[in-house]
Amino acid sequence: MRGVNRVMLIGNLGKDPDIQFLEGNIAVAKFSLATTETYKDRNGKLISQTEWHTVVLWRGLAELAQKYLHKGSLVYIEGRLKTRSWEDKEGNKKFATEIVGDNLIMLDKRTDGHAAGPDIIEGGEIPPPDDRPEILPF
């Protein structure tokens, strides 16, 4: 039986995406994403727990993230977990677990006078606001 490595997150960016271009002009963007869960304890007090994730986007998604996302943006990210390791200057082994995103939906309300709605990005280009289809709220 084959395994499944799938992650789905909805959260807010903790900072603007940081983009780098690797050899061959391949774009890679990295940013932190906060997800917060809220529940009531036994006494009825609301408790919030925030988890921070590192998201990595490649190529077209990286360039779109740099263009359209900013600190505080609300997004849906779908991807897979990837753990990498390296040795620091002192020879200590370090590990990082990241979400490598392959789907992105911007969930912020639109501020360009159009109806609010999600913008789905799956590695393609986002049309300019005048060319986008009107998305009506439910």
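Residues numbered from 1 in each chain as written. Predicted model: local features only at pLDDT ≥ 70, side-chain atom pairs only at ≥ 80, totals over all residues. Heavy atoms only, no water.

**Notes on the pairing of strand S4 (residues 46-58)**
Condition: Two strands pair under a simple rule: DSSP has to find at least two bridges between them. Each helix is a run of H or I in the DSSP string that is no shorter than four residues. Each strand is a run of E no shorter than two, and both are numbered from the N terminus.
Note: strand S3 (residues 26-40) against S4, 13 bridges, orientation antiparallel. Along S4, the bridge assignment pairs threonine 36 with threonine 50. In textbook terms, the turn of a hairpin is the stretch between consecutive antiparallel strands, and for S3 and S4 this stretch comprises 5 residues, one of which, glycine 44, has a positive phi near 85°. In this sheet, strand S6 (residues 93-106) lies alongside S4 in parallel orientation, the contact comprising 2 bridges. When the bridges of S6 are listed, valine 55 appears paired with isoleucine 99.

**So, unusual backbone geometry**
Even without being a glycine, asparagine 25 presents a positive backbone phi close to 60°. Following the sequence through the fold, asparagine 25 ends up in the loop between strand S2 (18-22) and S3. With phi around 50°, arginine 59 is a residue other than glycine that occupies positive phi space. In this structure, arginine 59 sits in helix H1 (residues 59-68).

**Some remarks on the pattern of salt bridges**
As a reminder, the rule being used: Any Lys or Arg side-chain nitrogen located within 4 Å of an Asp or Glu carboxyl oxygen qualifies as a salt bridge. Burial here depends on accessible area, computed with a 1.4 Å probe over protein chains only, as a share of the maximum for the residue type. Under 20% is buried, over 50% is exposed, and the range in between is partly exposed.
Scanning the model with the defined rule gives 5 salt bridges in all. With a shortest N-O distance of 2.9 Å, aspartate 102 and arginine 6 are connected by a salt bridge. Residue aspartate 102 is found in strand S6, and its partner arginine 6 is found in the segment before strand S1 (7-13); the two are separated by 96 residues along the sequence. Aspartate 102 gets classed as partly exposed once you look at its relative accessible area, which sits at 33%. One salt bridge connects aspartate 88 with lysine 94, and the closest N-O pair in it is separated by 3.9 Å. For lysine 94, a relative accessible area of 36% corresponds to the partly exposed category. Within the structure, one salt-bridge network assembled from shared partners comprises Arg6, Glu78 and Asp102.

**Description of the confidence of the model for the protein**
How we decide: Scored from 0 to 100, pLDDT reflects the predictor's confidence in each residue. Here a residue-residue contact requires only that any non-hydrogen atoms of the pair lie within 4.5 Å.
Here the protein averages 84 in pLDDT, while 79% of its residues score no lower than 70. Taken together, the stretch residues 113-117 has pLDDT below 50 and engages in 14 contacts with residues farther than four places along the chain or on a different chain. In this model residues 123-138 is a low-confidence stretch, pLDDT under 50, and it forms 23 contacts with partners more than four residues away in sequence or in other chains.

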